[in-house]
Amino acid sequence: MELNILPILNFDGKRMELNESVEVQPLKEDIFEVLDPVSVKGQIVNIGGTLSLDAKCQAKLRFFCDRCMEPFEKEVQFEIAERFRKEDAFTDGIEENPDILPLSGSMIDLSDLVYHNLFMNLPTKHLCREECKGLCPMCGMNLNHGVCSCDARPVDPRFEVLDSLLKDE
């Protein structure tokens, strides 16, 4: 989604309210699926030629649990705080502040901006619930659905040779 910022681009102190539903297309190798358009609410303010975009976002995503591999849905909330300046305002093409992004033209690609901020704010561990029991390491059964018949006693590696003698009988 392209956002036209021409009404505030050359007017210091002007602001533009955002209340958008943004379609986001994750990459094929992403570990999540975006189920609904991402809600973006905030504003863009022109402060001395630097455009300051601040917004709160909410996305409904589908993940696969890191413990049991079952799919689950989760609401993720994150914030966007980005700064832009027209490319011709940079001194010799080098900006002193690396947090300010160059802006060419009068459009901002909101879909790309939302995707990158969503990706950077994802949790590192994806669990369907905190008390998820995961999969049995022996047979692969989902332990949230029941108990398997595998021997779960811990084996001391020093006695594995003795265990193999008992199994031969």
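The structure under discussion appears in the preceding block.
Here we summarise the structure given alongside this text. (Residues numbered from 1 in each chain as written. Predicted model: local features only at pLDDT ≥ 70, side-chain atom pairs only at ≥ 80, totals over all residues. Heavy atoms only, no water.)

**Considering the pairing of strand β6 (residues 71–86)**
Here comes step 1: Here strand β5 (residues 50–64) pairs with β6 via 15 bridges, running antiparallel. In the strand pairing of β6, K56 is matched with E79.
Here comes step 2: Of the pairings in the sheet, the one linking β6 to strand β7 (residues 100–103) comprises 4 bridges and is parallel in character. Residue pairing across strands places R83 opposite I100, the latter belonging to β7. (Pairing = 2+ DSSP bridges. Helix = DSSP H or I, 4+ residues; strand = E, 2+ residues; numbered from the N terminus.)

**Concerning the environment of N10**
Here comes step 1: Position of N10 relative to the elements: it lies in the loop between α1 (6–9) and β2 (15–22).
Here comes step 2: Counting along the chain gives 61 residues from N10 to P71, while the straight-line C-alpha distance between them is 47 Å.
Here comes step 3: A polar contact is formed between the side chain of N10 and the side chain of K86, at a distance of 2.8 Å. (Polar contact = N/O pair within 3.5 Å; in protein donor to acceptor, adjacent residues only side chain to side chain.)

**As for the pattern of salt bridges**
Here comes step 1: Tallying each qualifying case throughout the model produces 6 salt bridges.
Here comes step 2: When the shortest N-O distance is used, the salt bridge between E33 and R62 registers 3.2 Å. Of the two residues, E33 is situated in strand β3 (residues 33–34) and R62 in strand β5; the sequence distance between them amounts to 29 residues.
Here comes step 3: For R62, a relative accessible area of 27% gives the class partly exposed.
Here comes step 4: The partner of E73 in a salt bridge is K60, and the shortest N-O contact between them spans 3.6 Å. Linking E73 in strand β6 with K60 in strand β5, this pair joins segments that are 13 residues apart in sequence.
Here comes step 5: The class of K60 is partly exposed, set by a relative accessible area of 29%.
Here comes step 6: Beyond isolated ion pairs, a larger network of salt bridges with shared partners links E33, K60, R62 and E73. (Salt bridge = Lys/Arg side-chain N within 4 Å of Asp/Glu carboxyl O. Buried < 20%, exposed > 50% of the residue type's maximum accessible area, 1.4 Å probe, protein only.)

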